Amino acid sequence: MSELHTYTLTQLAAGLRAKKFSSVELTKHFLTRVEKFNGEINAYITITADVALKQAAAADAQLASGKGGALTGLPLAHKDIFCTDGVLTTCGSKMLSNFVAPYDATVVTRLKEAGIVMLGKTNMDEFAMGSSNETSYFGAVKNPWNLNKVPGGSSGGSAAAVAARIAPAATGTDTGGSIRQPAALTSLTGIKPTYGRVSRYGMIAFASSLDQGGVMCLSAEDAALLLQSMSGFDEKDSTCIDAPVPDYSATLNQPLKGLKIGLLKEFFEQGLSPENAKPVRDALAVYEKLGAQLIEVSLPNLPLSVPTYYVVAPAECSSNLSRFDGVRFGYRCDSPRDLMDLYKRSRGEGFGSEVKRRIMTGTYVLSAGYYDAYYLRAQKIRRLITDDFANAFKQVDVLMGPTSPTPAFDIGAKVDDPVTMYLNDIYTIGANLAGLPAMSIPCGFLDELPVGLQIIGAHFSEAKLLNVAHMYQQATEWHKRIPQRYA
Amino acid sequence: MSLSRNDVENIAHLARLSMTEAEATEYATSLSKIFGLVAQLNAVDVSKVEPMAHPLAGQVQRLREDIVTATDEREKYQQNAVKIEAGLYLVPKVIE
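The model shown is predicted, which means the values in this text are computed figures rather than measured ones.

S.K.: A description of the overall build of chain B should follow, citing residues and the corresponding values.
M.R.: Secondary structure summary: chain B contains three helices and two strands in total. When the backbone C-alpha atoms are referred to their principal axes, chain B occupies close to 55 × 45 × 25 Å. A buried classification covers 29% of the 96 residues belonging to chain B. In the structure as shown, chain B presents an accessible area of about 6900 Å², 53% of it carried by carbon and sulfur atoms. Within chain B, the 14 negative side-chain charges are centred at a point lying 1 Å from the centre of the 10 positive side-chain charges.

Given below as structure tokens:
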């Protein structure tokens, strides 16, 4: 019983069904660990112990009557970007530090209906804008593998919570790498599904043509389990795709013989040190042993991903964040002189410095006289990048490369230079621009810090990605490592 | 490309953001760096490329029947407002 936190979600589900422990016992175990460790890693903004214990008791009743499903009684933490009815939902911002969501996000509803127990809401970069979880109004999150290092971002709280085993799994969102990069930096399995696969309803918007919800957990098997419940059509999100969701768990064990893996030439050439490339190359060798074929592919426009993203994403952010006006919800400044002062000071005081930087970047690229030169041009280059990916998938089944150019860096090391920080997402942004599903899985360590392997697939190939990741995890042990302090 | 503090103050006004002089100075530097990065896009010939508005090809905006689907939850929603009175949101006087 004292080792419950070391199990995967899949193992915990089996334990619950075999009545080895109850959901209440399991939930209490995790809540005790949250109490013990959250102070030092700052992974949670809100801990919902009362909600969790009530949901756990209800789950136990369901399990006792034989009615439970695959997820009934399993604890999970939600990134604080997902609206949760009656629970503080801050998006890591002072702007929403007083916001109690009046409804549940569709992702939250679906997991709730599947019997998931909510442990709490995890810390994140403010409005998901950051790659280190240092822009949060609620303070930086520490990497459980080394408390002086960042956990990555923006889903840094979710990453740290799962890596420190104070949650067995967590939701995340990925606009430019915000699931995959923190998963890589904390040795987790993270998946960003195809754009439109998971509903964005109730997920606080950053860049609407890029945002996509997903999961961070301990194995591809766990990811398949969670994604099954989260995915699928939702009429409340106008860009959610109305297409059947395959059984992700059913195809996990398909042999990889004959699988064609494309190696992204540009990824290995751009900003990757030989030491950091080694674990990735070792992983590729494992795939060769599993019968896969490695083929080098070139995506000539891929190096333009970062500049393209830093036009498109801020443009959409400046539009989405115009809703925060200090009137209907969120932070309002003290004693405004007039309406303009109310707007300007509520926003100026309520948003942190990185969010304001992106709002201004976006405002500028959309302003009269500049639209064609920036936004329109970026949308055209976005098509070139997307076409590059489409051409690659005519030759190969999946693409592989590193998730992040370096392992976790020191807290504070990059905060003064936004452009250096933006380049952390150099390998992850392409999949968002093209709307492709992509994963990061643990593939080794460099100087005792985790390294991630990125796997990118064609649209709606989540089942294939999970299969490819699972077979690697059957052949290797990297995903089973636990930071010593939290073992 | 280089932005001045004055440029930043104009953008901040358009974005309805209050800003101190120190902030405006910092943003002039960092936004100039960002637009320096973005300038890489100018090297590409895009004259024959259609702009992309949706990441998935062939998707069209879905329409629904024009019928009432939401229920009135004004009271619940207004619990998040800092100032309301008689079901209305209060703001500083806008008409003299």
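The rest of the description comes next.
S.K.: Any details on unusual backbone geometry? Residues and values, ideally.
M.R.: Residue and element names in this part refer to chain A. Here Gly153 and Ser154 are connected by a cis peptide whose omega angle stands at 10 degrees. Inspection of the secondary structure puts Ser154 in the loop between strand E3 (117-122) and helix H5 (156-163). One non-glycine residue, Ala128, lies in positive phi territory at about 65 degrees. Taking the relative accessible area as the measure of exposure, Ala128 reaches 3% and is therefore buried.

S.K.: Can you tell me about a nonpolar patch on the surface, naming the residues and giving the values?
M.R.: Residue and element names in this part refer to chain B. Taken together, Tyr77, Ile84 and Tyr89 make up a surface patch of nonpolar side chains, about 250 Å² in accessible area. With respect to the element layout, Tyr89 can be found in strand E2 (residues 88-89). A relative accessible area of 31% places Tyr89 in the partly exposed class.

S.K.: Account for the interface of chain A and chain B, with residues named and values stated.
M.R.: On the chain B side, the residues contacting the 73 residues of chain A number 49 residues. Summed over the shared surface of chain A and chain B, the number is four salt bridges. As a salt-bridge pair, Arg357 of chain A and Glu26 of chain B come within 3.1 Å of each other at their nearest N and O atoms. On inspection of chain A and its partner chain B, the count reaches 19 residue pairs in polar contact (both at pLDDT 80 or more). Sorting elements by how many residues they give to the side of chain A that touches chain B places helix H13 (residues 372-395) of chain A first, with eleven residues.

S.K.: I'd like a description of helix H9 (residues 274-289) of chain A, backed by residues and values.
M.R.: Working note: α-helix, 3.6 residues per turn, so residues spaced by three or four point in the same direction. Residue and element names in this part refer to chain A. When the terminal C-alpha atoms of H9 are compared, their 22 Å separation across 16 residues agrees well with the 22 Å that a helix rising 1.5 Å per residue should span. What H9 keeps buried is the set Asn276, Ala277, Pro279, Val280, Ala283, Leu284 and Tyr287. One side of H9 holds all its buried residues, which, seen down the axis, span an arc of 155 degrees. H9 presents Pro274 and Lys289 as exposed residues on the side facing more than 90 degrees away from its buried surface. Phi turns positive one or two residues past the end of H9, at Gly291, with a value near 100 degrees.

S.K.: Pulling in residues and values, what's your account of the nonpolar core?
M.R.: Phe127, Leu226, Tyr287, Phe389, Ile455 and Leu466 of chain A are the most contacted members of the largest nonpolar core, which has 174 residues in total. For this core, the leading source of residues is H13 of chain A, giving nine residues.

S.K.: Pulling in residues and values, what's your account of the side chain of Ser131 of chain A?
M.R.: Within the element layout of this structure, Ser131 of chain A appears in the loop between E3 and H5. If sequence neighbours within four positions are ignored, Ser131 of chain A has contacts with Asp125, Gly152, Gly153, Gln181, Phe409, Met421, Asn424 and Asp425 of chain A.

S.K.: Which residues make up the packing of aromatic side chains, and what values go with them?
M.R.: Residue and element names in this part refer to chain A. One pass over the full model with this rule turns up 20 aromatic pairs over all chains. Each ring, one from Tyr287 and one from Tyr472, has its centre 5.5 Å from the other, and the planes form 20 degrees; the classification is stacked. Of the two residues, Tyr287 is situated in helix H9 and Tyr472 in helix H16 (residues 462-475); the sequence distance between them amounts to 185 residues. With 6.0 Å between their ring centres and 45 degrees between their planes, Phe445 and Trp478 make a pair best called tilted. Placement of Phe445 in strand E10 (residues 438-446) and of Trp478 in the segment after H16 is noted, with a sequence separation of 33 residues between them.

S.K.: Let's hear about the layout of surface pockets: which residues, and what values?
M.R.: Rolling a probe over the atoms, with the probe sized like a water molecule, indicates the empty space that remains. Approximately 690 Å³ is the volume attributed to the largest pocket. Every residue lining the largest pocket is counted, 23 residues in all, and those nearest its centre are Tyr201, Asp234, Glu235 and Lys236 of chain A together with Thr69 of chain B. For the lining of the largest pocket, the element with the highest residue contribution is helix H4 (residues 106-113) of chain A, accounting for four residues. When grouped by side-chain class, the residues that make up the lining of the largest pocket number seven nonpolar, six polar and ten charged. Within this model, the second largest pocket holds a volume of roughly 540 Å³. Looking at the second largest pocket, it is lined by 20 residues, and the ones nearest its centre are Cys83, Tyr103, Gly202, Arg323 and Phe329 of chain A. Residues that form the lining of the second largest pocket fall into these classes: 13 nonpolar, three polar and four charged.

S.K.: A description of the environment of Thr239 of chain A should follow, citing residues and the corresponding values.
M.R.: If you trace the backbone, Thr239 of chain A turns up in the loop between helix H7 (220-230) and strand E7 (260-264). Excluding residues that lie within four positions of it along the chain, Thr239 of chain A makes contacts with Tyr195, Gly196 and Arg200 of chain A together with His54 of chain B. Within polar-contact distance, the side chain of Thr239 of chain A engages the side chain of Tyr195 of chain A at 3.2 Å. Separated by 2.7 Å, the side chains of Thr239 of chain A and Arg200 of chain A make a polar contact.

S.K.: Report on empty space enclosed by the protein, specifying residues and quantitative values.
M.R.: Residue and element names in this part refer to chain A. Scanning the entire structure with this criterion turns up one cavity of 30 Å³ or more. What the largest cavity holds in volume is close to 70 Å³. Lining the largest cavity are 13 residues, and of these Ala128, Gly130, Ser178, Tyr309 and Asp425 sit closest to its centre. Its residues placed into classes, the lining of the largest cavity shows four nonpolar, seven polar and two charged.

S.K.: Explain the environment of Pro307 of chain A to me, using residue names and the numbers behind them.
M.R.: All names here are of chain A. On the secondary structure map, Pro307 appears in helix H10 (residues 305-320). You can call Pro307 buried: its relative accessible area is 1%. Residues Pro307 and Leu339, 32 residues apart in the sequence, show an inter-C-alpha distance of 36 Å.

Rules of the game
Think of each chain on its own: its residues are numbered from 1, step by step along the sequence as written. Each chain takes a letter, starting from A, and each ligand takes a number, starting from 1, following the order in which they are written. Whole-chain, interface and lining totals are the exception, using all residues; otherwise, since this is a predicted model, local features are given only for residues with pLDDT of at least 70 and side-chain atom pairs are given and counted only at 80 or more. Calculated side-chain values reflect all of the structure's heavy atoms, with hydrogen atoms and water omitted. In this text, helices come from DSSP runs of H or I with a minimum length of four residues, and strands from runs of E with a minimum of two, each type numbered from the N-terminal end. Buried means the residue's accessible area, taken with a 1.4 Å probe over protein chains only, is under 20% of the maximum for its type, while exposed means over 50%, and partly exposed covers the values in between. Areas reported as accessible are Shrake-Rupley estimates using a 1.4 Å probe. Residue values count occlusion only from the protein chains shown. Only four residue types enter the charge count, namely Lys and Arg as positive and Asp and Glu as negative; His and the chain termini do not. For this purpose, a charge sits on NZ of Lys, CZ of Arg, CG of Asp or CD of Glu. Only residues above 30% relative accessible area that lack a salt bridge enter a patch, with like-charged residues linked at up to 9 Å and the nonpolar side chains Val, Leu, Ile, Met, Phe, Trp and Tyr linked at up to 5 Å. Any carboxyl oxygen of Asp or Glu that lies within 4 Å of a side-chain nitrogen of Lys or Arg is treated as forming a salt bridge with it. In what follows, a contact means two residues having at least one pair of non-hydrogen atoms within 4.5 Å. For the purposes of these results, a polar contact is taken to be a pair of N or O atoms within 3.5 Å, where, inside protein, one atom must be able to donate a hydrogen and its partner to accept one; residues adjacent in sequence count only when each atom of the pair is a side-chain atom. Multiplying 1.5 Å by the residue count of a helix minus one yields the expected span of that helix. Relevant arc is that of directions from the helix axis to the C-beta atoms, nothing else. Nine residue types can take part in a nonpolar core, namely buried Ala, Val, Leu, Ile, Met, Phe, Trp, Tyr and Cys, and a core is a set of them joined through side-chain atoms within 4.5 Å. Aromatic pairing here means that ring centres of Phe, Tyr or Trp (its six-membered ring) are within 6.5 Å. Orientation follows from the plane angle: under 30 degrees is stacked, over 60 is edge-to-face, and everything else is tilted. In the cavity and pocket records, a cavity denotes points on a 1 Å grid over the protein atoms alone where a 1.4 Å probe fits but cannot get out, a pocket denotes an open set with protein on both sides within 12 Å along at least 5 of 7 lines, and lining residues are residues with an atom within 4 Å of a point. Grid points are joined across faces, edges and corners, and a volume is the space filled by probe spheres set on the points. In this classification, the charged set is Asp, Glu, Lys and Arg, the nonpolar set is Ala, Val, Leu, Ile, Met, Phe, Trp, Tyr, Cys and Pro, and all remaining amino acids, among them Gly, are polar.

That is the geometry; function is a separate question.
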